[in-house]
Amino acid sequence: TLTSQVCKKGVFVCFRRYLLMALASCFIWNTIGLSAAMDSKPNILLFLADDLGIGDIGCYGNNTLRTPNIDRLAREGVKLTQHIAAAPLCTPSRAAFLTGRYPIRSGMASSSRYRALQWNAGSGGLPANETTFARLLQQQGYTTGLIGKWHQGVNCDSFDDHCHHPLNHGFDYFYGMPFTLLNNCQENKPPELDVALQAKLWLYSQIITLAVLTLTAGKLTGLITIRWKIIACFTLAGSLFFISWYSSYGFVQYWNCILMRNYDVTEQPMRIERTTSLMLKEAVSFIKRNRNGPFLLFVSFLHVHTPLFTTAKFLGKSRHGLYGDNVEEMDWMVGKILDFIDKEGLKNHTVTYFASDHGGHLEAQDGSAQLGGWNGIYKGGKGMGGWEGGIRVPGVFRWPGVLPAGTVIDEPTSLMDIYPTVVHLAGGILPQDRVIDGRNLVPLLQGRAQKSEHEFLFHYCGSYLHAVRWHQKDSGAIWKAHYVTPIFHPPGAGACYGKGICPCFGEGVTHHDPPLLFDLSRDPSEAKPLAADTEPRFDTVVRTIARAIEEHHRTLTPVPEQLSLYNVVWKPWLQPCCGTFPFCWCDKEGDSTLSL
């Protein structure tokens, strides 16, 4: 044979021929295996933390908090170092995550100080005409589930129309909070929901009550000539203010702190001490029911939002107080779910993703104790639309055998990119009747592309554009222009302490013309703004970004504002209730929890 003839010419030639044949075979089989993996529909597991700072986990540089399971994902997959949220608060950020679109396109960006949904019984929420990635995956034969936090609204016109509910947005199964955790959900915690409004309602109640008493006394003594109807109107107004104050203060736990399974309320109010085990049980059960796939499971953690309720197993175990305990408990939950994926033999056929909805909450404090996250070297935090600390978040992908393990990508990416990425993996087609701002990350994650498809990213605070990022691919520079920045309180503190969260407009912000300009590739901490006399490209960069803003504005169309005052105010006829309103109370879970 030809091979035997070659072998007669020398051992080296023979060895080389066999080596080439072996390498060719390996290449062919690896290509076939990779193609088969990509052609099939993988399971998709999405983890999204609440208020977690990029500096809170080990794989992003924290060496004092223990997050071995999230770190394992990064070690076995791809870590994104410039992963950007589309908004610095939960409601708009999650709307962008679900739709792949800036929140301003869907009406989920606010022009008022109410930048997130305030009540389960508000009428605002993710519009029915928005198409989530869950809906598109449903169409591709996926079973879709959401476990945990929703915070995208419930009802529109009646207590059971469920127009904003997860099941009306592409999820086959929902178990969790339609709202978000608050201090109000735990006994003996200071109220968190719109404290300023509560104070105003109480003040107006007192003023009107005093006026009614004064007018009544004057009428009875003959000192004041006034009709009883006018006094009755004042009394009615005072009663309405008092009822509004009492409802917002005394019943928040009953109105907002509830659990639902699909359309049914199962706990009202929720028993927060067993919520962790219930969430874990539901996530594992969903995977078990759908292990033959394909499935999409979105685990939307209630961790690490205040009040940071943590089970006894983790209390006092971290080096960073209650917040650290809560982070480590969340990591443990990630590990339990990953272990079950491994146990079911699904690891190599499951794309796993972990991120946070925005940066850590710097102003969350209890005396000297820090109850919010750490954003590493990045300035600012939750609520700040421009500064990196409010929008740069952890982002990790894992898909064994398809994505190269131990890879770090420094290119700009966005939470909005998850939308086109998972739709591509599922074999779906993106909607053609709207602008999709996210980009498919698969080529970048696999190493087939070296540069992000994002040239510009627009950083909003509510409906106000605060900053713009320009990825100048030919030079490697990443320019960031700030047009509006919050005024820190006290000055130089790096946050708005005493205000709860930094504002987006008004007297609490500073406008910059020309904008503050940074090159994040050289100054990721945004510590030293550039100037025209020190940066020769200053004027060119500012003009280029200004043109990009004009082009971006031309793609926006007016839509109803979902976070208007009318839409966020509490409406009793929209209140989810498992009894007869206002007597809403139930506990359908009993003790059906996993052992921790």
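Refer to the structure presented above.
Residues numbered from 1 in each chain as written. Predicted model: local features only at pLDDT ≥ 70, side-chain atom pairs only at ≥ 80, totals over all residues. Heavy atoms only, no water.

Chemist: Is there a simple way to think about the state of the cysteines in this case?
Modeler: Simply put, disulfide is the name for a covalent bond between the sulfur atoms of two cysteines. A complete count under the given rule lists 6 disulfides for this structure. A sulfur-sulfur distance of 2.0 Å marks the disulfide that ties Cys185 to Cys257. When the S-S torsion is -80°, as for the bridge of Cys185 with Cys257, the disulfide is left-handed. In this pair, Cys185 sits in the loop between strand 4 (173-177) and helix 7 (195-221) while Cys257 sits in the loop between helix 9 (252-255) and strand 5 (259-261), placing the two residues 72 residues apart along the sequence. Each sulfur in the disulfide pair Cys461 and Cys504 lies 2.0 Å from the other. A torsion of -70° about the S-S bond marks the disulfide between Cys461 and Cys504 as left-handed. In this pair, Cys461 is assigned in strand 13 (residues 456-461) and Cys504 in the loop between strand 15 (477-486) and strand 16 (509-519), connecting sequence segments 43 residues apart. (Disulfide = S-S within 2.5 Å. Helix = DSSP H or I, 4+ residues; strand = E, 2+ residues; numbered from the N terminus.)

Chemist: Just to check I follow, could you spell out a nonpolar patch on the surface for this structure?
Modeler: A cluster of nonpolar residues, Leu203, Tyr204 and Ile207, forms a patch on the protein surface that exposes about 280 Å² of accessible area. By the element assignment, Ile207 lies in helix 7. (Patch = residues over 30% accessible without salt bridge, like charges linked within 9 Å, V, L, I, M, F, W, Y side chains within 5 Å. Areas by Shrake-Rupley, 256 points an atom, 1.4 Å probe, with all protein chains shown as cover. Salt bridge = Lys/Arg side-chain N within 4 Å of Asp/Glu carboxyl O.)

Chemist: How should I be thinking about the environment of Ala96 in this particular structure?
Modeler: By the secondary structure assignment, Ala96 is in helix 4 (residues 90-99). Residue classification places Ala96 among the buried positions, given a relative accessible area of 1%. Counting along the chain gives 261 residues from Ala96 to Asp357, while the straight-line C-alpha distance between them is 9.9 Å. Once you skip the residues sitting within four places of it in the chain, Ala96 turns out to touch Ala86, Arg101, Pro103 and Met416. (Buried < 20%, exposed > 50% of the residue type's maximum accessible area, 1.4 Å probe, protein only. Contact = heavy atoms within 4.5 Å.)

Chemist: Whenever I open this one, the side chain of Glu388 confuses me. Can you help?
Modeler: Here Glu388 lies in helix 12 (residues 388-391). Looking at Glu388, its side chain comes within polar contact range of the side chain of Arg392, at 2.7 Å. (Polar contact = N/O pair within 3.5 Å; in protein donor to acceptor, adjacent residues only side chain to side chain.)

Chemist: Is there a simple way to think about the packing of aromatic side chains in this case?
Modeler: Here the distance between the centres and the angle between the planes together describe a pair of aromatic rings. Evaluation of the coordinates by the stated rule reveals 17 aromatic pairs. Aromatic side chains Phe47 and Phe301 sit 5.8 Å apart centroid to centroid with 15° between the ring planes, which places their arrangement in the stacked category. With Phe47 in strand 1 (residues 43-49) and Phe301 in the loop between strand 7 (295-300) and helix 11 (321-343), this residue pair connects regions lying 254 residues apart in the sequence. For Phe47, a relative accessible area of 0% translates into the label buried. Residue classification places Phe301 among the buried residues on the basis of a relative accessible area of 2%. Ring centres of Phe456 and Trp470 lie 6.0 Å apart, and the angle between their planes is 15°; on these two criteria the pair is classed as stacked. Remark: Trp470 occurs in strand 14 (residues 464-472) and Phe456 occurs in strand 13; sequence separation between them is 14 residues. There is no split in this pair, since Phe456 and Trp470 are both buried. Among the aromatic residues, those joined into a ring-pair cluster are Phe97, Phe133, Phe298, Tyr353 and Phe397. The ring of Trp387 carries the charged tip of Lys379 above its face, separated from the ring centre by 4.4 Å. (Phe/Tyr/Trp six-rings, centres within 6.5 Å; stacked < 30°, edge-to-face > 60°. Lys NZ or Arg CZ within 6 Å of the ring centre and 35° of its normal.)

Chemist: Before we go on, may I ask you to explain the pattern of salt bridges in this structure?
Modeler: Note that side chains of opposite charge can pair when their charged atoms are close. One pass over the structure, following the stated rule, counts 26 salt bridges. The shortest N-O distance in the salt bridge between Arg72 and Asp342 comes to 3.8 Å. Here Arg72, found in helix 3 (residues 68-75), pairs with Asp342, found in helix 11; they are 270 residues apart in sequence, far enough to count as distant. Looking at Arg72, the relative accessible area reads 13%, which means it is buried.

Chemist: Please clarify how the pairing of strand 14 should be interpreted in this entry.
Modeler: Regular strands have side chains that alternate between both faces of the sheet. Most of strand 14 sits out of view: 8 of its 9 residues are buried. The turn linking strand 13 back onto strand 14 is made up of 2 residues, and Gly462 within it adopts a positive phi angle of 65°. For strand 14 and strand 15, the ladder comprises 6 bridges, and the chain directions are antiparallel. Of the residues in strand 15, the one forming a bridge with His471 is Ile478. (Pairing = 2+ DSSP bridges.)

Chemist: How should I be thinking about helix 4 in this particular structure?
Modeler: Side chains of residues three or four places apart in an α-helix project in the same direction, reflecting 3.6 residues per turn. Across the 10 residues of helix 4, 10 count as buried, placing the element largely inside the fold. Regarding helix 4, the residues found buried are Cys90, Thr91, Pro92, Ser93, Arg94, Ala95, Ala96, Phe97, Leu98 and Thr99. Two residues or fewer past helix 4, Gly100 is found with a positive phi of approximately 70°.

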